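What the coordinates show
Listed below, chain by chain, are the residues.
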Amino acid sequence: MADIRWEEPFCAEGSACFRLGTDEDGNAYIAVAGAEDNYVTDTREALRTLIREIKAGRADHLL
């Protein structure tokens, strides 16, 4: 199993908290805080792209 270094949770009022993590092999992870054993993983570049796209408003229709 990967040695994941989790960041502090990102939380909003009244909703789940999400955690981002990375490992030494260049992988990135996203999980719900408290359920870190059930994560989605991809490359750090994929996570970088996801964050940029969200910041650019490409996920605003989900709000």
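First, a word on what this report is: a plain description of the structure on this page. Given the structure is predicted, the values throughout are model-derived calculations rather than measurements. (Residues numbered from 1 in each chain as written. Predicted model: local features only at pLDDT ≥ 70, side-chain atom pairs only at ≥ 80, totals over all residues. Heavy atoms only, no water.)

Take the state of the cysteines next. Disulfides are covalent bonds that link the sulfur atoms of two cysteine residues. Across all of its chains, the model carries 1 disulfide by this definition. With its sulfur 2.0 Å from that of its partner, Cys11 forms a disulfide with Cys17. Across the S-S bond of Cys11 and Cys17 the torsion is about 120°, and the bridge reads as right-handed. (Disulfide = S-S within 2.5 Å.)

Picture the strands of a sheet paired through backbone hydrogen bonds; they go either parallel or antiparallel. Taken in spatial order, the 4 strands of this open sheet run 1-2-3-4, and their pairing is antiparallel. What marks the edges here is a single partner per strand, and that holds for strand 1 (5–6) and strand 4 (40–43). Along the sheet, helix 1 (residues 44–55) makes contact with strand 1, strand 2 (18–22), strand 3 (27–32) and strand 4, crossing strand 4 at roughly 100°. (Pairing = 2+ DSSP bridges. Helix = DSSP H or I, 4+ residues; strand = E, 2+ residues; numbered from the N terminus. Contact = heavy atoms within 4.5 Å. Axes fitted to C-alpha atoms, helices over the stretch in contact; angles between N-to-C directions.)

What follows is about the pairing of strand 2. Strand direction decides the pairing type here: strand 1 and strand 2, joined by 2 bridges, are antiparallel. When the bridges of strand 2 are listed, Trp6 appears paired with Gly21. The turn linking strand 2 back onto strand 3 is made up of 4 residues, and Gly26 within it adopts a positive phi angle of 90°.

Let us look at the packing of aromatic side chains. Geometry of an aromatic ring pair is reported as the spacing of the ring centres plus the angle between the planes. As enumerated under the stated definition, the model contains 2 aromatic pairs in all. Aromatic pair Trp6 and Tyr29: ring centres 6.3 Å apart, planes at 65°, arrangement edge-to-face. In this pair, Trp6 is assigned in strand 1 and Tyr29 in strand 3, connecting sequence segments 23 residues apart. What makes Trp6 partly exposed here is its relative accessible area of 22%. (Phe/Tyr/Trp six-rings, centres within 6.5 Å; stacked < 30°, edge-to-face > 60°. Buried < 20%, exposed > 50% of the residue type's maximum accessible area, 1.4 Å probe, protein only.)

Let us look at the environment of Ala2. Structurally, Ala2 can be placed in the segment before strand 1. Once the C-alpha coordinates of Ala2 and Glu36 are considered, the two residues, 34 residues apart in sequence, prove to be 12 Å apart. Ignoring sequence-local partners within four residues, the contact set of Ala2 consists of Asp23 and Tyr29.

This paragraph deals with the pattern of salt bridges. Applying the stated criterion across every chain yields a total of 5 salt bridges. Note that Arg58 and Glu53 form a salt bridge whose closest N and O atoms lie 3.2 Å from each other. In this structure Arg58 comes out as exposed when scored by relative accessible area, which is 54%. (Salt bridge = Lys/Arg side-chain N within 4 Å of Asp/Glu carboxyl O.)

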